[in-house]
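# Notes for the structure review
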Amino acid sequence: MNKLLSGVSVGVIALALACGAANAADLPGKFEGVTIDAKLIGGQQYEKLYQRIGEWEKETGAKVNILSKKNHFELDKEIKSDIATGGISWCVGSNHSSFAPQYPDIYTDLSALLPAEEVAAFVPAVIKASTLNGKLVMLPRAQFDVSALYYQKNLYSDEAKKTAFKAKYGYDLVPPDTWQQVTDQAEFFASPPNFYGTQFAGKEEAINGRFFEMLVAEGGEYLDKDGRPAFNSDAGVKALDWFVNLYKAKAVPPGTTNYLWDDLGQGFASGSIALNLDWPGWASFFNDPKSSKVAGNVGVKVQPAGSSGKRTGWSGHHGFSVTESCAHKDAAASLVWWLTNEDSQKLESAAGPLPTRSAVWDFNIKAAEGDAYKTEVLQAFQEAAKHAFPVPQTPEWIEISNAVYPELQAAILGDKTSKQALDTAAEKATAILQDAGKL
């Protein structure tokens, strides 16, 4: 492995020299009079990093013009519209490992613009996942995502609840380690309309991704070895039934089919949710009394396992890309580096998100000493990361998600059985792959 990595490093260095890439000492560089147009992901957990843009402007003399700031689902639609109309006139865009395979051609190779030692400072597996067709199409930010389970601790110290739960279910009330235990506890804790056992994001890629990881935990597969949809299986029905049954039992909020990530974060912080499978970026928010009613009462543990014994672990990471059409690629690459360098990753990961630079992992573990909550968060997500797996590596993943999620919703809302919904979804996904020439 060391020989392999050394070979890759030599190749990157040679490429960098050939293309006139900057030296580390040259960063962030000087770009007086240059304006970089950017399209960025927006959301509470991402905003603090963008405060550093002003520092970059002061250091370089350049300006950043943010054209849009939206969630990745809306940003994806906007980028596709730009591609269709030939309007890729902007330079820097937020990207994500789940979305990137759709449009690798619009982004330039960052390894030709940045020092090899800077690229080598990232976790190798994340750089590998950011490289498509031999091009480093995005530089990862401190937003490696895999979900762990947040829960309200005081629910598990309530003697009356412990006694009632054991009498009903036959086992002790402790934070769940399986999805069956989550189901039991979510139904037990629910007291609508003021308190719910759990919640889930119910539309867009969010519900398809959650279904995907639950499918894997139930022993199923989304696409088979030949790339054909295989999720309309017994394992798929079990996975979808988990969402259906909790909705039917009123153990989740009635609006959950319209929820995305910010809705889940605000919901758990409101104190009205017992158990919440969620991303690391919310860890600090949940434990801050200024933003959360459950501050001081938050427990975090590794995500539960399905009936197969496998844990859920849908994962991905955020990053920033530079377009091929950008007139000032050097300045754009400098901005992308700035937003992902050690200082930026320390800033972002201090709030809970997982870093993608190796040195920042070491820094955070050392910094957490003496802070019981931060240590618990890091340990939980380190364990969660061991079970992480990406979405199927097909450029059609998002298009398939957009076709599948209305069928998942139909089952959750009771308009179709789980089997009917999955059969229709599989037909739609097959047609998409056939149109793309994949089947």
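In this report, we go over the structure that sits alongside the text. (Residues numbered from 1 in each chain as written. Predicted model: local features only at pLDDT ≥ 70, side-chain atom pairs only at ≥ 80, totals over all residues. Heavy atoms only, no water.)

Turning our attention to the sheet that holds strand β6 (residues 139-146). Pairing between the strands of a sheet comes from backbone hydrogen bonds, and it takes one of two forms, parallel or antiparallel. On the basis of which strands lie adjacent, the open sheet formed by five strands has the order β2-β1-β3-β10-β6 and mixed pairing. Strand pairing shows two members of the sheet lacking a second neighbour, β2 (63-70) and β6, which therefore form its edges. Strand-to-strand, the axes of this sheet are offset by a mean angle of 20 degrees, without reference to chain direction. Two elements, strand β3 (residues 92-96) and strand β10 (residues 315-322), share five bridges in a ladder whose sense is antiparallel. Across the sheet, residue S94 finds its bridge partner in β10, namely F320. (Pairing = 2+ DSSP bridges. Helix = DSSP H or I, 4+ residues; strand = E, 2+ residues; numbered from the N terminus. Axes fitted to C-alpha atoms, helices over the stretch in contact; angles between N-to-C directions.)

Note that the residue after L27, namely P28, is joined by a cis bond; omega there is 10 degrees. Positionally, P28 belongs in the loop between α1 (2-19) and β1 (35-41). Here the bond from P192 into P193 is cis, since omega is 10 degrees, no more than 30 degrees from zero. The residue E204 is not glycine, and still its phi comes out positive at about 60 degrees. With a phi close to 60 degrees, K250 is a non-glycine residue in the positive phi region. Assignment of secondary structure puts K250 in the loop between α10 (234-248) and α11 (261-269). Among the residues examined, K250 registers a relative accessible area of 56% and is labelled exposed. (Buried < 20%, exposed > 50% of the residue type's maximum accessible area, 1.4 Å probe, protein only.)

Our focus in this paragraph is the pairing of β6. Here β6 lies mainly inside the structure; eight of its eight residues are buried. As paired elements, β6 and β10 share five bridges and run antiparallel to each other. In the sheet register, F144 faces β10, and the bridge partner there is H317.

With that settled, the discussion passes to helix α13 (residues 329-340). The terminal C-alpha atoms of α13, which comprises twelve residues, lie 16 Å apart, in line with the 16 Å expected from a rise of 1.5 Å per residue. Burial analysis of α13 places ten of its twelve residues in the buried class, which makes it a mostly covered element. Within the span of α13, buried status applies to A331, A332, A333, S334, L335, V336, W337, W338, L339 and T340. (Expected span 1.5 Å × (residues − 1).)

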